[in-house]
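# Observations on the model geometry
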Amino acid sequence: MRIARFSIDGNVAFGAVEGSTAPGDESTLVLDIIKGIPFADFELSGTKVPLSKVRLLPPVLPNKVVAVGRNYAEHAAELGQEVPGTPLTFFKPSTSVVGPGDPIAYPSFTQDLQHEAELAVVIGRMCREVPRERVKDVVLGYTCANDVTARDVQQREQQWARAKGFDSSCPLGPWIETELDPSDLAVQCTVNGEQRQLGRTSEMVRSIEDLIVHITEAMTLLPGDVILTGTPAGVGPLNVGDEVAVTIEGIGTLTNKVIKRG
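Residues numbered from 1 in each chain as written. Predicted model: local features only at pLDDT ≥ 70, side-chain atom pairs only at ≥ 80, totals over all residues. Heavy atoms only, no water.

Turning our attention to the overall build of the protein chain. Across its full length, the protein chain carries 5 helices and 19 strands. Its C-alpha atoms give the protein chain a radius of gyration of 17 Å, within 12% of the compact-globule value 18 Å for 262 residues. The dimensions of the protein chain, computed from C-alpha atoms along their principal axes, are 50 × 45 × 30 Å. Counting the 262 residues in the protein chain, one finds 53% classified as buried. (Helix = DSSP H or I, 4+ residues; strand = E, 2+ residues; numbered from the N terminus. Rg over C-alpha atoms; globule rule 2.2 N^0.38 Å. Buried < 20%, exposed > 50% of the residue type's maximum accessible area, 1.4 Å probe, protein only.)

Next comes the structure, spelled out in structure tokens:
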């Protein structure tokens, strides 16, 4: 099931996306409004609205986003870094999250803004110290993410809070896919239609199971929390006016435009 979060007539709701998501077919999509929330038992209302009549929002509003750095060997190499001996984790605040179609505001404190296409894991239930065999039980589904990074700031400052945590640095969407095998999916990023990144989740140094076990050893994850699983090689610059799109096989495409921060 594909679950979207959206607003219509000033109201916010979740809905199941129905119809083909093939490029060019989006106009046929409809949303069957969900009774309740997707983190508990819910029913489809049978009330359907065309996707073209709503505004898609970030599919979740996470309490926290836990991101993983250098989880693809070729990406680590392109930054002149080694793959870390243990997963390299950091936080992006909830205020960094924006949805499909929302602008990415170019911060005034950087001269080198870059895209990072990533598979995002959406947590479906509160969990801590999750054993490997139960990882699937705590995952609601998967969505597309862009870990937008102020690269010069990241390289200059030992902590990555500003480089990766600024407002609009975490686009998520367009929806959550709940029925998906994430082990070998194509991850692509284009800028103004030109391909920049193309990798596969099978190239991850550490699997989603590895990451969830590692993260929940230290902290409790809450329903709606998000884990970013790392980016393949090919990261590169973004400029004001650029349109950046992250496409993940089996999910869809997340598109955002870069604007000057006002």
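We now examine the environment of Val191. Within the secondary structure, Val191 is located in strand β15 (residues 186–191). As a C-alpha pair, Val191 and Ser20 span 171 residues in sequence and 24 Å in three-dimensional space.

For the rest of this paragraph, the subject is the pattern of salt bridges. One pass over the structure, following the stated rule, counts 13 salt bridges. Of the charged contacts in the structure, one is a salt bridge between Lys164 and Glu116, with a shortest N-O distance of 3.4 Å. One end of the pair, Lys164, is in helix α4 (residues 161–165); the other, Glu116, is in the loop between β10 (113–114) and β11 (117–123), and 48 residues separate them in sequence. For the pair Lys164 and Glu116, one class covers both residues: buried. Close ionic contact of Arg162 with Glu157 constitutes a salt bridge, the shortest N to O distance being 2.7 Å. Accessibility expressed as a relative area gives 40% for Arg162, which makes it partly exposed. On the accessibility criterion, Glu157 (23% relative accessible area) is partly exposed. Through salt bridges with shared partners, a single ionic network connects Lys92, Glu116, Asp147, Arg151 and Lys164. (Salt bridge = Lys/Arg side-chain N within 4 Å of Asp/Glu carboxyl O.)

This paragraph deals with the sheet that holds strand β16 (residues 194–200). As summarised here, the arrangement of the 5 strands in space is β9-β19-β18-β15-β16, forming an open sheet in which the pairing is mixed. In the strand order of this sheet, the two ends are held by β9 (104–106) and β16, each with one partner. Each neighbouring strand pair of the sheet contributes to a mean axis angle of 20°, computed without reference to strand direction. (Pairing = 2+ DSSP bridges. Axes fitted to C-alpha atoms, helices over the stretch in contact; angles between N-to-C directions.)

With that out of the way, let us pick up empty space enclosed by the protein. As enumerated under the stated definition, the model contains 1 cavity of 30 Å³ or more in all. Approximately 80 Å³ is the volume found for the largest cavity. Considering the residues around the largest cavity, the lining is formed by 15 residues, among which Gly69, Arg70, His75, Glu116 and Lys164 are closest to the centre. Of the residues that constitute the lining of the largest cavity, the class distribution is 4 nonpolar, 5 polar and 6 charged. (1 Å grid on protein atoms, 1.4 Å probe; cavity = no way out; pocket = protein on both sides within 12 Å on 5 of 7 lines; lining within 4 Å. Points joined across faces, edges and corners; volume = space filled by probe spheres on them. Nonpolar A, V, L, I, M, F, W, Y, C, P; charged D, E, K, R; others polar.)

On to helix α5 (residues 208–218), then. All of the buried residues along α5 are Ile208, Leu211, Ile212, Val213, Ile215 and Thr216. Each element contacted by the buried residues of α5 is listed here: β6 (65–69), β7 (88–92), β11, α2 (135–138), β12 (139–146) and β17 (226–228). (Contact = heavy atoms within 4.5 Å.)

On to the pairing of strand β18 (residues 243–248). In this structure, β15 lies alongside β18, joined through 5 bridges in antiparallel fashion. Directly across from Gln188, in β18, lies its bridge partner Thr247. Where β18 lies against strand β19 (residues 252–260), 6 bridges are found, and the strand directions are antiparallel. Within the sheet, the bridge partner assigned to Ala245 lies in β19 and is Thr255.

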